[in-house]
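Close look at the chain arrangement
Here are the chains, one letter per residue:
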Amino acid sequence: MDRRQRKTREAIFNAFTQLLAEKDYSQITVGQIIERADIGRATFYAHFETKDYLLKAFCEELFCHIFDTEQDGVCNHKHIFECDGSDSAFLHLFQHLQKNDHNILALLSSRNNELFLGYFRSGLAVLIQRHLSLFAPRRSENIPDAFWQSHIASVFVATLRWWIEYGMQESPEQITEYFFTVV
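Before going into details, it helps to say that this report is about the structure given with it. (Residues numbered from 1 in each chain as written. Predicted model: local features only at pLDDT ≥ 70, side-chain atom pairs only at ≥ 80, totals over all residues. Heavy atoms only, no water.)

Bringing the pattern of salt bridges into the picture now. Per the counting criterion, the structure on display carries two salt bridges. Here Glu22 ties to Arg36 by a salt bridge, and the two come within 2.9 Å at their closest N and O atoms. Of this pair, Glu22 sits in helix α1 (residues 3-22) while Arg36 sits in helix α2 (residues 30-37), and the two are 14 residues apart along the sequence. For Arg36, a relative accessible area of 34% gives the class partly exposed. (Salt bridge = Lys/Arg side-chain N within 4 Å of Asp/Glu carboxyl O. Helix = DSSP H or I, 4+ residues; strand = E, 2+ residues; numbered from the N terminus. Buried < 20%, exposed > 50% of the residue type's maximum accessible area, 1.4 Å probe, protein only.)

This part is about the packing of aromatic side chains. Here a ring pair, both rings aromatic, is described through the centre-centre distance and the interplanar angle of the planes. In this structure the tally under the stated criterion is 18 aromatic pairs. Each ring, one from Phe44 and one from Tyr45, has its centre 5.2 Å from the other, and the planes form 90°; the classification is edge-to-face. Take Phe44: its relative accessible area is 0%, and that puts it in the buried class. Judged by centre distance (5.9 Å) and plane angle (75°), the rings of Phe135 and Phe179 are edge-to-face. Of this pair, Phe135 sits in helix α8 (residues 132-135) while Phe179 is found in helix α10 (residues 172-182), placing the two residues 44 residues apart along the sequence. In this structure, Phe135 and Phe179 share a single accessibility class: buried. (Phe/Tyr/Trp six-rings, centres within 6.5 Å; stacked < 30°, edge-to-face > 60°.)

Counting residues in each nonpolar core, the largest one holds 48 residues, and the members touching the most others are Ile33, Phe44, Phe90, Phe120, Leu124, Phe156 and Phe179. For this core, the leading source of residues is helix α9 (residues 145-165), giving eight residues. Phe44 has contacts with Ile12, Val30, Ile33, Ile34, Ile39, Thr50, Lys51 and Leu54, leaving out every residue within four places of it along the chain. (Core = buried A, V, L, I, M, F, W, Y, C linked by side-chain atoms within 4.5 Å. Contact = heavy atoms within 4.5 Å.)

With 17 residues, helix α7 (residues 114-130) ought to run about 24 Å at 1.5 Å a step, and its terminal C-alpha atoms sit 24 Å apart, in line with that. Phe116, Leu117, Phe120, Gly123, Leu124, Leu127 and Ile128 are the residues of α7 that are buried. Down the axis, α7 shows its buried residues gathered within 145° of arc, on one side only. (Expected span 1.5 Å × (residues − 1). Arc of directions from axis to C-beta.)

Structure, rendered in structure tokens:
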């Protein structure tokens, strides 16, 4: 992607996240996004087929960022997120959620968050797959892989929802510890 395309994509993401801070995902239109990003309709559709594809790309950016940091150990990646941490992937994810990067919390707490949670869970499944060894001591031999991975993802989402519901008073380090304790 050339610099102009990256800037346009960033403008679209920024417009999208600003709108998420103001209204529910289901109330946001492509027209509002393009107006806020100051781009043409054709430009938006050159990057994303629909608003749902925009949301999917947003979620993929989140996990791409975490995986890139994890794979090569470089700490200052710039996708849609910028950070300087190279902690465990789960802690890293909780840190971004605590900072509410790009209004992720608005998506998680939205009344119509099932689409976001679907994308979130698929990214989470990849993350869990890559870190199954962390959970191996807790796993019984007779539990199938697919069930175990689904269970871990469910515990993560439940931990995250609880953390948000109770005002995120625990640090990302503490909530990560809770997550690993209850898996």
